[in-house]
Every structure is written in structure tokens, then in C-alpha cells.
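As a plain string of letters, each chain reads:
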Amino acid sequence: MKPMRSVLFVPGHRGTWVEKALAAGADGVILDLEDSVPADLKDEARAEVARSVARLHETGSQAGVYVRVNALDTGIAGDDIAAVVVPGLDGLSLPKTFGPEDIIRFDALVTHFERKNGVEPGSVEFIVNLETAEAYASCEQMAKASPRVATLFAGTARDADVSRSIGFQFTPEGLETLYLRSRAVLAARTAGLEFPLVGVWQDLADPDGARLFSEQNRELGFRGQVLIHPSHIAVANEVFSPSKSEVEFYEGMIAAFEEAEATGAAAVLYEGMHVDYAHIKTAREVLAYSRLIAERGDAAAN
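Residues numbered from 1 in each chain as written. Predicted model: local features only at pLDDT ≥ 70, side-chain atom pairs only at ≥ 80, totals over all residues. Heavy atoms only, no water.

(A) Layout of the layout of surface pockets. Taken as a whole, the largest pocket encloses approximately 380 Å³ of empty space. Lining the largest pocket we find 18 residues, and of these F9, D35, R68, V200 and I228 sit closest to its centre. Here the lining of the largest pocket is composed, by residue class, of eight nonpolar, five polar and five charged. (1 Å grid on protein atoms, 1.4 Å probe; cavity = no way out; pocket = protein on both sides within 12 Å on 5 of 7 lines; lining within 4 Å. Points joined across faces, edges and corners; volume = space filled by probe spheres on them. Nonpolar A, V, L, I, M, F, W, Y, C, P; charged D, E, K, R; others polar.)

Structural data, given as C-alpha cells:
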């Protein structure tokens, strides 16, 4: 999976909004066929999403391109998948899942339509949305239910499916979802999924709250955030990127350690903290991730 710091929901029937999202700096988009599309516009939205995916593919866009299909129990998920599993699609965002069996069912549908639509077998990956009590309770199994699972998306939205299913009352501080988010990160990492996602922040009148939400989730281990408004893209991109001061700190740590190592030492005191091989592994991982993000940005600009 591509690292994505910011992933913006775009209503599927609003095709002209896709380029606007990417121009605003989003690392990825989720073209929505579910809750943001009126029932009588589903067919129109499918066709528009297929055109959007093809258009981005033809222009060589480096952004992650995903589609949120309708839930299995609606009976129309297959219609969605038949229409949008086309060349250029990175994956599907799977809503209202309840357990690993749902992932297996989605996998079977996608496998069929990859072959039918001329898409490389196994190339369509899954963002598994955790927005039911059952999904959170089985997220460890869901993360490993199919090779297509690329990441988990920990839903925390106020007054939405997840809060209704679990019964929590949303607060800006987020203590009511701390366990859920922590469990999602742990499940993703245990399954070898490097880029867990979280979201969404709904209060567009509270930019300070949006920033705090992003900062708290980066501290927990999330690598990116799903967004509902372009105004949050810049904040998410900043927060979920190693800062200049972090990069300088870890570069200095590596330099100090390597100097000590050359004298036969396997530990060094660096800015008041004990540093050994474990810390250097972390430092190198942070720097590698920073380079990866920079390389993606350079590729997108060319």
C-alpha cells in the first residue's frame, strides 16, 4: 500500500471534485458510492466513479485511488464492484463489515470482476472500515482474512454508525475511543500492515480540534487520516510527516552512534538519552519513511 497521510472522501457522483481534492494536496481519495450518494443516483455515481478512476489512471496520478462501495447487506455491493473494478483502481474501502467472513465475500466478488474487467489479478486491495462493534471485536482476524487487506481504518465519527453500534458518546478529547483506536493500530501492525488510518474529524468550525485529533492519532501509531473536507488536508499532511526537527534529531542520533561505534562502543549518550542499536533502528526507519514521503511528492509533481 502507498503511504497516505491524507485521504479525502469525495462523493462518487461529483466527478469534478476529484481533481480539486488532489490539487489541494490529498495523498489519496476515496470515491464514495455509499452514504454520500442518494439512492436514486447510485447508477449515475458508479459510471462517474469509473470515469474518474480511468481519468486519473490515464494522467499518471500518483495519488491513492479507492472506492467505498455499499455494504454487503444492501444487495448492491456486487453492482458497485462490477462497475468500478477497472484498471487504475488501487482498492476498495469496505463499509459496515462485521467479521472476517465479510472480507472473504468481498474478496470473491473482486476476484471475479478483476478477471471479467481485465484488471491484474490480486491488484485491488482493501481498506477495511472498522465501524461496528463486531468489526472492532474481530479486527485482528479481519486484518488477516485476505491478502488484499492493505490497512484498517479506525472509525470514530460522532453520531455515526460506529458510535451507534458501540454506544459511546463522542468527545473532542477522544478518551471514549482510545481503546478502539489502540486496538486497531495493534491489529494492523500485528498483521504486517504498515499504514493504519483513522478518522473522521467532523467539526469544520474547530481547526484546533482537527489538529489535536491528528496529533493524538499520530502519537498512537496511525500513519494517516481519512478526511471529509479539503481544509483538513494540509494539517494531516503536516502532522503525519516526520518534521524537520525530527529528521535532524534522528540524523544527529545516527551520526553520534556511528562515531561511538567506530571506537568499539555499542551505546552512546545523545541529547541526554541512552541510545543503542534498538534506538538506531527506529531512527533509520523514521528517516526512510521521510524519504518515502518526499519521493512520492516529487513523483506527483513531475
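(B) The arrangement of helix α4 (residues 100-117) in detail. Over its 18 residues, α4 extends 26 Å from the first C-alpha to the last, a length consistent with the 26 Å expected when each residue adds 1.5 Å. In this fold, the buried residues of α4 make contact with α3 (77-84), β4 (91-94), β5 (125-130), α6 (139-143) and β6 (149-155). Among the residues trailing α4, G118 stands out with phi positive, at a value near 75°. (Helix = DSSP H or I, 4+ residues; strand = E, 2+ residues; numbered from the N terminus. Expected span 1.5 Å × (residues − 1). Contact = heavy atoms within 4.5 Å.)

(C) Geometry of the environment of V86. Among the structural elements, V86 can be located in the loop between α3 and β4. Considered as a pair, V86 and D32 are 54 residues apart in the sequence and their alpha carbons are 16 Å apart. The residues contacting V86, other than those within four sequence positions of it, are A50, V53 and V119.

(D) Spotlight on the pairing of β4. What you see with β4 is no split at all: G91 and S93 on one side and L92 and L94 on the other are buried throughout. Bridge count between strand β3 (residues 64-68) and β4: three bridges; the pairing is parallel. Paired with R68 across the two strands is S93, which belongs to β4. Crossover β3 to β4 through α3 is right-handed. Of the strand pairs in this sheet, β4 and β5 are connected by four bridges, and their pairing is parallel. (Buried < 20%, exposed > 50% of the residue type's maximum accessible area, 1.4 Å probe, protein only. Pairing = 2+ DSSP bridges. Right-handed = clockwise from strand over helix to strand, strands pointing away.)

(E) Representation of the environment of A188. As for its position among the elements, A188 is in helix α8 (residues 178-190). In this structure the C-alpha to C-alpha distance between A188 and L152, which are 36 residues apart in sequence, comes to 6.2 Å.

(F) Representation of the pairing of strand β8 (residues 224-227). On β8, burial covers both faces: G224 and V226 on one face and Q225 and L227 on the other are all buried. Where strand β7 (residues 197-199) and β8 come together, two bridges link them in parallel fashion. Paired with V198 across the strands is Q225, a residue of β8. Note on the crossover from β7 through helix α9 (residues 207-220) to β8: the handedness is right-handed.

(G) Focus on the pattern of salt bridges. Under the criterion given, the structure shown has 21 salt bridges. With a closest N to O distance of 2.7 Å, D27 and R5 form a salt bridge. Taken together, the residues span a long stretch of sequence, with D27 in the loop between α1 (17-23) and β2 (28-32) and R5 in the segment before β1 (6-11) at a distance of 22 residues. For R5, a relative accessible area of 14% gives the class buried. One network of salt bridges, with partners in common, ties together D32, E34, D35, R68, K96, D161 and R164. (Salt bridge = Lys/Arg side-chain N within 4 Å of Asp/Glu carboxyl O.)

(H) Representation of the sheet that holds β7 in the model. If you trace the eight strands once around the closed barrel, you get β1-β2-β3-β4-β5-β6-β7-β8, paired in parallel fashion. The mean inter-strand angle of the sheet, taken between neighbouring strand axes irrespective of direction, is 25°. Pairing between β6 and β7: three bridges, direction parallel. Directly across from F153, in β7, lies its bridge partner L197. Against the sheet, α4 contacts β4, β5 and β6, and its axis sits at roughly 150° relative to β5. (Axes fitted to C-alpha atoms, helices over the stretch in contact; angles between N-to-C directions.)

The values are spatial; any link to function lies outside them.
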